[in-house]
Amino acid sequence: MFHKKTYSKVIKLDAIDSTNEFLKGLSNKQELENFTVVTAESQTKGKGQMGAVWVSEPSKNLIMSILVKDFLADICQIFNLNILVSLAVIEVLESLRIPDLSIKWPNDIMSYNKKIGGILIENSIKSDGTIVSIVGLGLNVNQTNFENLAKASSLAVICATKFDKEALLSSIVTSLEKNRALWNQQSSTSWNKYTNTLYKKGIPMAFSAHNNGNFMGIIQGVSVSGKLLVLLEDDRVVEFDIKEIQMLY
């Protein structure tokens, strides 16, 4: 495995098991600049939410991990980072006129009813109490074959054109840094935008509860701690953790 640095904050790899794991290991060994990025042409052990595997054709998609420090002051605020990152990605895709974008709670990027990207955030609390986060992003860019992946698509399939992965990476990091700098002034606006961008918000949907079968509900939003707020048929609004519920769509 060879890697080269392009400019100070981007480490490019040809192939790696997981960019998140690589960046985590690197940050444990040395002091890294905030927003250091690791990107790879392919990864063999890409991870999604709940241990799912992220499958990607080599060199076709954007696979990246970003180190984020000095943002989360308290473990109770952890979902703020989900919002910061997912909106940074949405903003870049909006600027490219990718149609019908939404965020499937907590971190899947959707266009129409297809998943085009996924975000996996891993937080660690250091001995001095600071929180360091590794933000993994997989974005389907130029892959066009999604055999056996009925719910997946890519920017190239949706827009019938190829995209520049380098430009995408640069735009996403720039958007993330900009939103981070403005967070204190814009946090409530960002929460509102995230809520309004939620996939299937306000629409009756079928859900599967991991301990209680299927049920109908309507997504209302997300709690401060990042749980999904669902209005049930008995008029109760109930909070669900990611381990407790799955949307059937």
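Refer to the preceding data block for the structure.
In this text, all values refer to a predicted model and were calculated from it rather than measured experimentally.

Cut-off values and rules
Residues numbered from 1 in each chain as written. Predicted model: local features only at pLDDT ≥ 70, side-chain atom pairs only at ≥ 80, totals over all residues. Heavy atoms only, no water. Salt bridge = Lys/Arg side-chain N within 4 Å of Asp/Glu carboxyl O. Helix = DSSP H or I, 4+ residues; strand = E, 2+ residues; numbered from the N terminus. Buried < 20%, exposed > 50% of the residue type's maximum accessible area, 1.4 Å probe, protein only. Pairing = 2+ DSSP bridges. Axes fitted to C-alpha atoms, helices over the stretch in contact; angles between N-to-C directions.

As a further point, take the pattern of salt bridges. Any two side chains of opposite charge can pair if their charged atoms end up close together. Inspection of every chain in the model, using the stated rule, returns 11 salt bridges. Two residues, Lys165 and Glu41, come together in a salt bridge whose shortest N-O distance is 3.1 Å. Of this pair, Lys165 sits in helix α4 (residues 165–196) while Glu41 sits in strand β3 (residues 37–43), placing them 124 residues apart in sequence. Here Asp234 makes a salt bridge to Arg236, at a shortest N to O gap of 2.7 Å. The class for Asp234 is partly exposed, based on a relative accessible area of 46%. With a relative accessible area of 47%, Arg236 lands in the partly exposed category. In the salt-bridge network here, residues are joined through shared partners; they are Glu21, Lys24 and Glu122.

So, about the sheet that holds strand β13 (residues 245–248). Reading across the sheet, the 5 strands line up as β12-β11-β10-β9-β13 and stay open at both edges, with antiparallel pairing between neighbours. One side of each edge strand has no neighbouring strand; the edge strands of this open sheet are β12 (237–240) and β13. Strand-to-strand twist in this sheet, taken as the mean axis angle between neighbours without regard to direction, amounts to 50°. Here strand β10 (residues 213–222) pairs with strand β11 (residues 228–232) via 5 bridges, running antiparallel. When the sheet's bridge partners are listed, Ile218 is paired in β11 with Leu231.

Across the two faces of β13 the burial differs, with Ile245 and Met247 buried and Gln246 and Leu248 not buried at all. Relative to β13, strand β9 (residues 204–209) is paired through 4 bridges, and the arrangement is antiparallel. Residue Phe207 lies in a different strand from β13, and its bridge partner there is Met247.

In this section: the pairing of strand β4 (residues 62–68). Strand residues, when the strand is regular, have side chains that alternate between the two faces of the sheet. Counting buried positions along β4 gives 7 out of 7 residues, so the element sits mostly inside the fold. Burial of the side chains of β4 extends over both faces: Leu62, Met64, Ile66 and Val68 are buried on one face and Ile63, Ser65 and Leu67 on the other. In terms of strand pairing, β3 meets β4 through 4 bridges, oriented antiparallel. Within β4, the position partnered with Val37 by the bridge is Ile66. Of the pairings in the sheet, the one linking β4 to strand β8 (residues 131–139) comprises 7 bridges and is antiparallel in character. Counterpart to Met64 in the pairing with β8 is Leu137.

It is worth spelling out the environment of Gly25 at this point. Mapped onto the elements, Gly25 comes out in helix α1 (residues 19–29). Overall, the relative accessible area of 24% leaves Gly25 in the partly exposed class. In this structure the C-alpha to C-alpha distance between Gly25 and Glu94, which are 69 residues apart in sequence, comes to 33 Å.

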